[in-house]
Structures are given as structure tokens and as C-alpha cells.
Amino acid sequence: MLAMKVLLVQSYLGQSGNFPVYPLGLAYISTALYQKGHTVQIFDPNIAAHPYENLKESICRFSPEIIGISLRNIDNQHRIAPFYYYTYFQRILEIIKKTDPGIKVVVGGAGFSMFAEKIMKRNESIDFGLYLEGEESFPELLENLNKPDSVSGIYFRRKGEVLFTGYRPLPDFRKLSIPQRDFIDISPYLDHLESLGIQTKRGCPLKCTYCNYPQLSGNKVRIRDVKSVCDEIEYLIKQFGIKHFMFSDGVFNMPLNHAKEICEEIIKRTLKVKWSAWMEIKHAQKDFLLLAMKAGCISITFSPDGVSQNALDGLQKELREKDVKDSLNLFISDKNIRNLNVTYSVFVNPPGETFLGFLKTIIFFIKAKVYLHGRGNVFLNWIRLEPETKALQHAIEKGVIKKDIDLLPDNEKGLSKLFYSNPPVKHLDFVVIATLRFLLLLKRVLMNVRRKRPEITDIGS
């Protein structure tokens, strides 16, 4: 096999104000390619002083034969302050081809897989597309660049036509090596708690109507060995001196026993780290939360997505209204877990919502804002409709959107039509929109005031 020089590029998010997130997916791909003898570097425009210019410089300096781009997110899924990452991805493609037209471009990532054929057809500078997870398909593709049709899970071009080689079984997550983190300087990612991620599993068994995770990573959970997870934590501590990270699973505490065993192993090894995770409410009872805190957990996020029973049922959350209320009350009243930061994510007017449910959502929002101030938060948003989801199907049936609507619009303006709101209570949206816009404006004003505030100096010095 001919060894190649491969440059992997993380999605550029533009100046969206996000903290930098270490490209974990590219670390997995890089490790797989490196083990096959290829020379690999990662470029992340989100930590570059001059993203486009620095990308050109990186290409000229490294002279790669292959450039892989990870397109994880299409947009920020935010109705009040939308930000369209896809247009920045297109700009990255343009720069690569202008810098060196002969470089073969491979694109992958969850965002790409959601719209794989459409993105291939609209962007002729893409030579190959990796559908779903690429740890096995990417190295295999590099061995068969002249005959990509022999590799399953690949989009490619032949005589101007986009072809797909067919579905490829997802990798056995247990057999993947611990991802090396030295293909890019890790230091820019060490300041924020949630910048550096560790995966303990892939796949999601939940059936939330708005989510396409089961289509993208499978509806069966592929679990890593507990020892391997904690070996990775130790590697990051010893090699890079990390002090905090996040478990980047869609849901960390499902299955619950696996999460418990990881916490117990962290405690057993006396690993001094702080971490955060997304968790499922039903499996986050007090005894588990105390164990997680003992293992270093300082922040968790819940995504009940609904507050009323009608909304929870419409979202297929397998939760009771009481579960959501009890969870918030636990964090408000229990002194033993008051030091644990908690965030709730809730949708406005999801499928099944009623006027009474809308009021319950507003009350929950206000209560959480007041009682969790300084040690938690609650976010309100609307469902961003995506392919292969029941919410999309429901929206078409209810006339919320047209059947032929483009879920990958040409520009940011087109995003405004892609959010779901239950028709019977849609007219109430303006209340939440006005409130959230005011809070966003207030936040920006306060941030500007802090920036402009002069430093107080000691006049006696």
C-alpha cells in the first residue's frame, strides 16, 4: 500500500462566538490512518488567527495528496440567533481547490451524512464522500482510489454522475484504538470544560421524534470497555496534563450500569479530573449523581425537551411530567448536590403541545432561571427539522412545512422556515421570541459594558 500525506480539516464555524471544541472525530480518523502508515495532520480553522489564510499556508507547507473535511454541524439549530455553518464549509472547499486543484477532497461527518447525496451534487469539488463513520472506510478508500466502487459506504463521481457504493456496517466501537491527540496542538482546547471530549459509547436506543442520531450512529448502543475509557483519561492526564473534559456521548448514563462502572473506576484509580456530560433524567437519581460527583462530575445537561405530558408524549421521550418536575426540585432543594451545575434544554411548542402545556413550559423556565441562578440554566428553543425524523413527517402531515421544502437551504435566511411549532399554539411563539430576543440583547449590552469598563488602579502606588 502506498503511504499518503493526509490533511484533515475540521468544520469552520465562522465567528459564531463558540468556544473551540477539539476535533475528536478527526482524532479517531487520524489514528486509523496513521496505523495504516499514512502521515496525518489536523487543521482546525476555529483556533486559527486567520482561518482561510492559515489553511492555505498549511496546505502549501504540508503538501498533502488528500484533504479530508469533517462537516459535523450544518447550522447552530437556533431560531432566535441562527448561524449557518454550511456556507463556511463551502468557502473552505473553494479555498482548497484554488490553492491546489489536484488535491483529492474527501468529506465526511454527521452533517455530511444527513445530506450526503445533495451535498455531493451541489459541490463538484468534492471527490469522495464518507457516509456515516469513517474509521474503516477512509483507510480502505485510500487503498482503492482508482476503484472506489469496491469500498462500501462511499460516494464518488463517475462521468459526472454521483454514485453510492451502498450501506456499510458501523465499526465495532470496542475494537477502535484510543484516539491519539497529537495530530494537532491540544493546548488551545484545555481552557474550557467542554472543549475536550471522550466517547464511552456510540449509538442511541431512544426514539425522540426530532432526533436522527439513531440513523447516524445506529439504534443499538456500542459500548466501550470501562478499562479503555479510563486508560484514555489517564493518557490525557499524563501526556497533556488535562484537568477537565466532557463525556461527549449523546447520553452518558444509558446504560446506567456502564456509567456507574466508569465512575467507580475513576475513583478507584484516583484520577483527579473534573468533567461534564449529557444525561437522561430517569437514570439520574440522587445516588448516581452523588457517585458521579465523587468521580469528578461538576456539570450535567438534561434534554427532557418537554415539560407537559402532552409534549413529552409527542416527542416520544418515555418520561412523565413528574420526572421533569422532580429533577428540577432535587437540584433546587437538595444540599448534597447543590454544587453540581445543571442545565435543562426544552423545546417551545413541540408536537402535541397545548396552551396549558405552553404555560407549564414558561413557568418551568422562570422557576429554573430564578432558583438555579449562578449554578445552572435552562434553554428554550424550537425543533430544527432534519431528514429521516418523525418530527419532519409530522410537520408535513400537519402542514407546518411543504413536503418539498429544502432542509439544506442556500443561505441563512432559509433556516427560518425549518423550525417546528405545533399549529394549535403557534400564535404564542411571539411571546417567547420577544422575551428571548430581549434577554439576548441584554446579555450583549452587559458584555459590552464589561469590556469598556476602565480598570481601577491604585492611585497611591
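Here the structure is shown first, and the text comes after it.
Residues numbered from 1 in each chain as written. Predicted model: local features only at pLDDT ≥ 70, side-chain atom pairs only at ≥ 80, totals over all residues. Heavy atoms only, no water.

### Structural notes on the layout of surface pockets
Put simply, the second largest pocket is a space of about 330 Å³. As for the second largest pocket, its lining consists of 17 residues, of which Ser113, Met114, Phe115, Pro387 and Glu388 are closest to the centre. Of all elements in the fold, only helix H4 (110–114), helix H5 (116–122) and helix H7 (213–217) reach the threshold of two or more residues within the lining of the second largest pocket. Sort the elements by how many residues they give to the lining of the second largest pocket and H5 lands first, with three residues. Of the residues contributing to the lining of the second largest pocket, the split by class is 11 nonpolar, three polar and three charged. (1 Å grid on protein atoms, 1.4 Å probe; cavity = no way out; pocket = protein on both sides within 12 Å on 5 of 7 lines; lining within 4 Å. Points joined across faces, edges and corners; volume = space filled by probe spheres on them. Helix = DSSP H or I, 4+ residues; strand = E, 2+ residues; numbered from the N terminus. Nonpolar A, V, L, I, M, F, W, Y, C, P; charged D, E, K, R; others polar.)

### Looking at the state of the cysteines
Scanning all chains against the criterion turns up zero disulfides. Between Cys263, a free cysteine, and Cys297, which holds the nearest cysteine sulfur, the sulfur-to-sulfur gap is 7.4 Å. (Disulfide = S-S within 2.5 Å.)

### With respect to the packing of helix H2 (residues 51–62) against helix H3 (residues 86–99)
Direction vectors running N to C along H2 and H3 enclose 40°, while the axes themselves pass 10 Å from each other. Accordingly, the angle class assigned to the pair H2 and H3 is oblique. With respect to the hand of their crossing, H2 and H3 are arranged in right-handed fashion. Contacts from Tyr52, Leu55, Lys56, Ile59 and Cys60 of H2 reach H3 at Tyr88, Arg91, Ile92, Ile95, Ile96 and Thr99. (Axes fitted to C-alpha atoms, helices over the stretch in contact; angles between N-to-C directions. Parallel < 35°, antiparallel > 145°, perpendicular 65-115°, else oblique. Left-handed = near helix turned anticlockwise from the far one by under 90°. Contact = heavy atoms within 4.5 Å.)

### Regarding the pattern of salt bridges
Per the counting criterion, the structure on display carries 28 salt bridges. Its salt-bridge partner being Glu234, residue Lys238 comes within 3.5 Å of it at the nearest N-O pair. Pair noted here: Lys238 and Glu234 are both in helix H8 (residues 226–240), with a separation of four residues, about one helical turn. By relative accessible area, Glu234 is classed as partly exposed at 22%. (Salt bridge = Lys/Arg side-chain N within 4 Å of Asp/Glu carboxyl O. Buried < 20%, exposed > 50% of the residue type's maximum accessible area, 1.4 Å probe, protein only.)

### Quick look at the pairing of strand S15 (residues 376–381)
The sheet contact formed by strand S14 (residues 341–347) and S15 spans six bridges and is parallel. Bridging from a neighbouring strand, Val346 pairs with Leu380 of S15. Between the parallel elements S14 and S15, the chain passes through helix H13 (residues 355–371) in a crossover that is right-handed. (Pairing = 2+ DSSP bridges. Right-handed = clockwise from strand over helix to strand, strands pointing away.)

### A short note on the packing of aromatic side chains
With the rule as written, the count across this model stands at 22 aromatic pairs. Measuring from ring centre to ring centre gives 6.0 Å for Tyr34 and Phe183, while their planes differ by 70°; the resulting arrangement is edge-to-face. Within this pair, whereas Tyr34 is found in helix H1 (residues 24–35), its partner Phe183 is found in the loop between strand S7 (161–164) and strand S8 (197–198), the two being separated by 149 residues in sequence. Judged by relative accessible area, Phe183 falls into the buried class, the value being 10%. Ring geometry for Phe247 and Trp275: centres 4.9 Å apart, planes at 75°, overall edge-to-face. Remark: Trp275 occurs in strand S12 (residues 274–279) and Phe247 occurs in strand S11 (residues 244–247); sequence separation between them is 28 residues. Each of the two residues, Phe247 as well as Trp275, counts as buried. Of the aromatic side chains, those joined through ring pairs into one cluster are Tyr12, Tyr52, Phe83, Tyr85 and Tyr88. In this structure, Arg79 packs its charged tip against the face of Trp382, placed 4.7 Å from the ring centre. (Phe/Tyr/Trp six-rings, centres within 6.5 Å; stacked < 30°, edge-to-face > 60°. Lys NZ or Arg CZ within 6 Å of the ring centre and 35° of its normal.)

These results come straight from atomic positions and should not be treated as a statement about function.
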